[in-house]
Amino acid sequence: MYNFDFVKPASVADAVAALAGEEAQPLSGGMTLLPSMKQRLNAPATLVSLTGIDALKGVCREGNMLVIGAATPHAVVAKEAAADYPALAALAGQIGDPMVRNRGTIGGSLANNDPSACYPSATLASGATIVTNTREIAADDFFQGMFSTALHEGEIITAVKFPIPEKAAYAKFMQPASRFALTGAFVAKYADGVRVAITGASEGGVFRWSEGEAALSSNFSAEALNGLSASADGMIGDLHGTPDYRAHLVGVMTRRAVAAAH
């Protein structure tokens, strides 16, 4: 590791001010940023920690919405969201290992937008709203490709608002070494239809599987997906699986999620 300045503000306003400095980057759980710094892939001059800002932490229900502070660790989401949004809580409980779940945060995961991360699928399938220090961004507009989001320079995620569905579930085909999703499917059923978001499969990052959504909106059952298959175009191909394999897993994991939804 190399020398850098470390700032731990107590308010969002102070964090925004610190991030205005040259080569400053926000630090939440650090599960991605710190390893990249150790490998000299990232070299910020200043790290601005968000973990000392109490306003960014916590899980609460507001009407039919579950609101989660951006600096809330995965382990807290797994525990405190269980009563109101069990599918989201179950997803959080499967992320990484105990260290990752106790240090990593939902805001950090969404801001990083790893193509194999779990939270983006729940956020997109739920039609959630990402709240920042300056605005609110619909999930459909937030994710803009691999490691790319709608966030502006210096903009901080403060919370995520999840509409609570009638039924939902997440099914992940886990890469055993990293525990990332080789392919994962989050399915959420609402009064106006079904949303399906896929992570881990596409070179463009998380995406909605529109054919699956249409079939499930007409008939919410695993059988409704029979005969449907995702295209392999643009799917990730690596030592863990070919594009065709990941395209096949899209259907398999979506069927499993629908069967598990409650």
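All values reported here derive from a predicted model rather than from experimental measurement.

A. Quick peek at the sheet that holds strand β9 (residues 167-174). A sheet is described by the order of its strands in space; here 4 strands give the open sequence β9-β10-β11-β12, paired in antiparallel fashion. Of all strands in the sheet, those with a lone pairing partner are β9 and β12 (207-208), marking the two edges. Inspection of the sheet shows β9 paired to strand β10 (residues 181-190) by 8 bridges, in the antiparallel sense. Bridged to Lys-167 within β10 is Lys-189. Sitting on the sheet, helix α9 (residues 210-218) touches β10, β11 (193-199) and β12, and the angle it makes with β11 is about 150 degrees.

B. Geometry of the domain arrangement of the protein. Segmentation of the protein into domains returns domain 1 (5-49), domain 2 (54-163) and domain 3 (167-260). The C-alpha-based centres of domain 1 and domain 2 are spaced at 19 Å. If you look at the interface, domain 1 gives 8 residues, while domain 2 gives 13 residues. For the pair domain 1 and domain 2, the summed buried surface comes to about 820 Å²; carbon and sulfur atoms form 70% of the total. For the domain 1 face of the interface with domain 2, the top three residues by lost area are Val-12, Ser-28 and Met-31, together amounting to 52%.

C. Structural detail: unusual backbone geometry. A positive phi angle, close to 60 degrees, is found at Arg-40, a residue other than glycine. Among the structural elements, Arg-40 can be located in the loop between α2 (33-38) and β3 (46-49). Even without being glycine, Arg-179 reaches a positive phi, approximately 65 degrees. Relative to the assigned elements, Arg-179 resides in the loop between β9 and β10.

D. Region of the structure containing the sheet that holds strand β2 (residues 24-27). One open sheet accounts for 3 strands, arranged β1-β3-β2; its pairing is parallel. Of all strands in the sheet, those with a lone pairing partner are β1 (5-7) and β2, marking the two edges. Taken pair by pair, the neighbouring strands of this sheet meet at an average axis angle of 25 degrees, ignoring direction. One ladder, built from 4 bridges, connects β2 with β3; its direction is parallel. Across the sheet, Leu-27 pairs through a bridge with Ser-49, a residue of β3. Set on the sheet, helix α1 (residues 12-19) makes contact with β1, β2 and β3; between it and β2 the angle comes to about 145 degrees.

E. How the structure looks around the pattern of salt bridges. The full count for this structure, using the stated rule, is 8 salt bridges. One salt bridge in this structure joins Asp-140 and Arg-195, with 3.0 Å as the shortest N-O distance. With a gap of 55 residues between them, Asp-140 in helix α8 (residues 139-142) and Arg-195 in strand β11 connect regions that are remote in the sequence. Here Glu-213 makes a salt bridge to Arg-208, at a shortest N to O gap of 2.8 Å. Residue Arg-208 is classed as partly exposed on the basis of its relative accessible area of 31%. A single salt-bridge network, built from bridges that share partners, covers Asp-140, Arg-195, Arg-208 and Glu-213.

F. Region of the structure containing the side chain of Arg-195. Its relative accessible area of 15% is what places Arg-195 among the buried residues. A polar atom in the side chain of Arg-195 sits 3.0 Å from the side chain of Asp-140. Sequence-distant contacts of Arg-195, defined by excluding residues within four places in its chain, comprise Leu-124, Ala-125, Ser-126, Gly-127, Asp-140, Phe-186, Val-187, Ala-188, Arg-208 and Glu-213.

G. Quick look at the nonpolar core. Counting 40 residues, the largest nonpolar core has Leu-66, Tyr-85, Leu-88, Leu-110, Tyr-119, Phe-162 and Phe-186 as its most contacted members. It is helix α4 (residues 86-93) that contributes the most residues to this core, 5 residues altogether. Mapped onto the domain boundaries, this core takes at least three residues apiece from domain 2 (54-163) and domain 3 (167-260). Those residues in contact with Leu-110, other than ones at most four positions away along the chain, are Tyr-119, Pro-120, Thr-123, Ile-130, Phe-142, Phe-143, Thr-149, Ile-157 and Val-160. Listed in part, the 25 residues of the second largest apolar core include Ala-185, Trp-209, Met-253 and Val-258.

What counts, and at which threshold
- Residues numbered from 1 in each chain as written.
- Predicted model: local features only at pLDDT ≥ 70, side-chain atom pairs only at ≥ 80, totals over all residues.
- Heavy atoms only, no water.
- Pairing = 2+ DSSP bridges.
- Helix = DSSP H or I, 4+ residues; strand = E, 2+ residues; numbered from the N terminus.
- Contact = heavy atoms within 4.5 Å.
- Axes fitted to C-alpha atoms, helices over the stretch in contact; angles between N-to-C directions.
- Domains from an automatic or database assignment.
- Buried area = accessible area lost by both parts, 1.4 Å probe.
- Salt bridge = Lys/Arg side-chain N within 4 Å of Asp/Glu carboxyl O.
- Buried < 20%, exposed > 50% of the residue type's maximum accessible area, 1.4 Å probe, protein only.
- Polar contact = N/O pair within 3.5 Å; in protein donor to acceptor, adjacent residues only side chain to side chain.
- Core = buried A, V, L, I, M, F, W, Y, C linked by side-chain atoms within 4.5 Å.

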